[in-house]
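Reading the structure
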Amino acid sequence: MKIGIVGAGNWGSNLVKSFCQLIGSENVVVFDTNRDKLTAIKNQYPGIESVKSFEDILSKEEINGVVIATPAEHHYKLSKQALMNDKNVLVEKPFTLSVKEAEDLIEIGEERKLTLMVDHLLEYHSAVEEMKRLIHKGELGDIYYIYSQRLNLGVIRSNENALWSLGPHDISVYLYLLDKEPDSVLATGGAYIQSSEGIEDTVFLHLQFPGGISAHTHLSWLDPNKVRRLTVVGSDKMAIFDDMEPRNKLTVFDKGVEWTEEGGVSVRYGDIYIPNIPLKEPLNEACKHFLECIEKEKKPRSDGYDGLRVIRVIEKAQKSLERKNII
């Protein structure tokens, strides 16, 4: 197995590290327009090959898969080129910048019988997998609502707003946990730092799902705290996934509200427990899954359709932001 990686920036370098660990640096080929970044990668991983252009990666018949880790505006064009050259593709989030582009990539991938996977990293997080298991086994009861916070002070982006930069993480988890798409989308936000450019650094996103389940997320790179937390409230139990916790990332609360025989309500306080979950590096798990899907011709967990569903929500949310109404 040989993998070509396009982009050696902050996230691209993480992908280089994971694939070097999984298949060896001698089986990884990397390209970036920044020659200094390529030099740093070559110094860190002896044996890795660097090339001078994206076309050099596409021309190598021995490369089985291409990983796209570039700014989002290049995802569609580069992914399409790779697919048209019969390369399996793993693309960083957001998948594309429009539903139409996502549908086009899916169609090409299916026509050529290629693996097309989106790097929705949290779907490969062991704590999120356990939370999905709890939900689908009914251990939390009926799901009432979900809310999440993805906050930090920086990095301030000028090529995309907080919705496109941060939103795919939480939206992909909502869809993964619930196996549903929302009926309605409402987004509000503010461009406080880059007001003249209209780039929102803070977004509040509200989704309404079938069955009355609601989901709300606060996205911002203008906040005093770094927070990566998701809470699920059910009729029987509640669960919190806190990715900032070094070890105990998932906590389950046996708490709820019950009707009494007299027709009133009472609050129930039960045990709080932390499931014993083997913590694995989500990025390594996602990269390993990509390799396995290529080798065994399996459908990826976060395939093109998964990416399409997320882009469909973000596209509606962007329209809601612009129109200031529900989509």
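Here, every reference points to the structure presented above.
Fair warning: this is a prediction, and the values are worked out from it, not measured in the lab.

**Digging into the environment of Ile106**
The residue Ile106 is located in helix α5 (residues 99-111) in this model. Expressed as a C-alpha distance, the spacing of Ile106 and Lys80, which sit 26 residues apart in the sequence, is 9.6 Å. With near-sequence residues (within four places) excluded, Ile106 lies in contact with Leu116, Gly304, Tyr305 and Leu308.

**Quick look at the sheet that holds strand β7 (residues 143-153)**
Overall, mixed pairing links the eight strands, which are arranged β8-β9-β10-β7-β11-β12-β13-β14 in an open sheet. With partners counted over all chains shown, the strands left at the sheet margins are β8 (184-190) and β14 (265-273), one partner each. Averaged over neighbouring strand pairs, the angle between their axes works out to 15° when direction is ignored. Of the pairings in the sheet, the one linking strand β9 (residues 202-208) to strand β10 (residues 214-220) comprises seven bridges and is antiparallel in character. Each bridged residue has a counterpart across the sheet, and for Gln208 the counterpart in β10 is Ser214. Packed onto the sheet, helix α7 (residues 162-178) meets β7, β9, β10 and β11 (222-234) and runs at close to 155° relative to β10.

**Examining the pattern of salt bridges**
Throughout the structure, instances matching the rule amount to 19 salt bridges. Asp242 serves as the salt-bridge partner of Arg229, at 3.5 Å between the closest nitrogen and oxygen. With Arg229 in strand β11 and Asp242 in strand β12 (residues 238-242), the pair connects residues that are 13 residues apart, well separated along the chain. The class of Arg229 is partly exposed, set by a relative accessible area of 30%.

**Regarding the packing of aromatic side chains**
Across all of its chains, the model carries two aromatic pairs by this definition. Ring geometry for Phe19 versus Phe290: centroids 6.5 Å apart, planes at 80°, classification edge-to-face. Taken together, the residues Phe19 in helix α1 (residues 10-23) and Phe290 in helix α8 (residues 282-296) connect sequence positions 271 residues apart. The burial state of Phe19 is the same as that of Phe290; both residues are buried. Their ring planes at 25° and their centres at 6.2 Å tell us that Tyr145 and Tyr147 sit as a pair that is stacked. The class of Tyr147 is partly exposed, set by a relative accessible area of 34%. In this arrangement the basic side chain of Lys132 is found over the ring face of Tyr176, its NZ or CZ atom lying 4.5 Å from the centre.

**Topic: helix α6 (residues 126-136)**
In terms of burial, α6 is largely enclosed, as eight of its 11 residues are buried. Every buried residue of α6 is accounted for by Ser126, Ala127, Val128, Glu130, Met131, Lys132, Leu134 and Ile135. For α6, the elements touching its buried residues are β7, α7, β11, β12, β13 (250-259) and β14. The first or second residue beyond α6 is Gly138, which carries a positive phi of 80°.

Thresholds, definitions, all that
Residues numbered from 1 in each chain as written. Predicted model: local features only at pLDDT ≥ 70, side-chain atom pairs only at ≥ 80, totals over all residues. Heavy atoms only, no water. Helix = DSSP H or I, 4+ residues; strand = E, 2+ residues; numbered from the N terminus. Contact = heavy atoms within 4.5 Å. Pairing = 2+ DSSP bridges. Axes fitted to C-alpha atoms, helices over the stretch in contact; angles between N-to-C directions. Salt bridge = Lys/Arg side-chain N within 4 Å of Asp/Glu carboxyl O. Buried < 20%, exposed > 50% of the residue type's maximum accessible area, 1.4 Å probe, protein only. Phe/Tyr/Trp six-rings, centres within 6.5 Å; stacked < 30°, edge-to-face > 60°. Lys NZ or Arg CZ within 6 Å of the ring centre and 35° of its normal.

Functional significance is not addressed by these values, which are geometric in nature.
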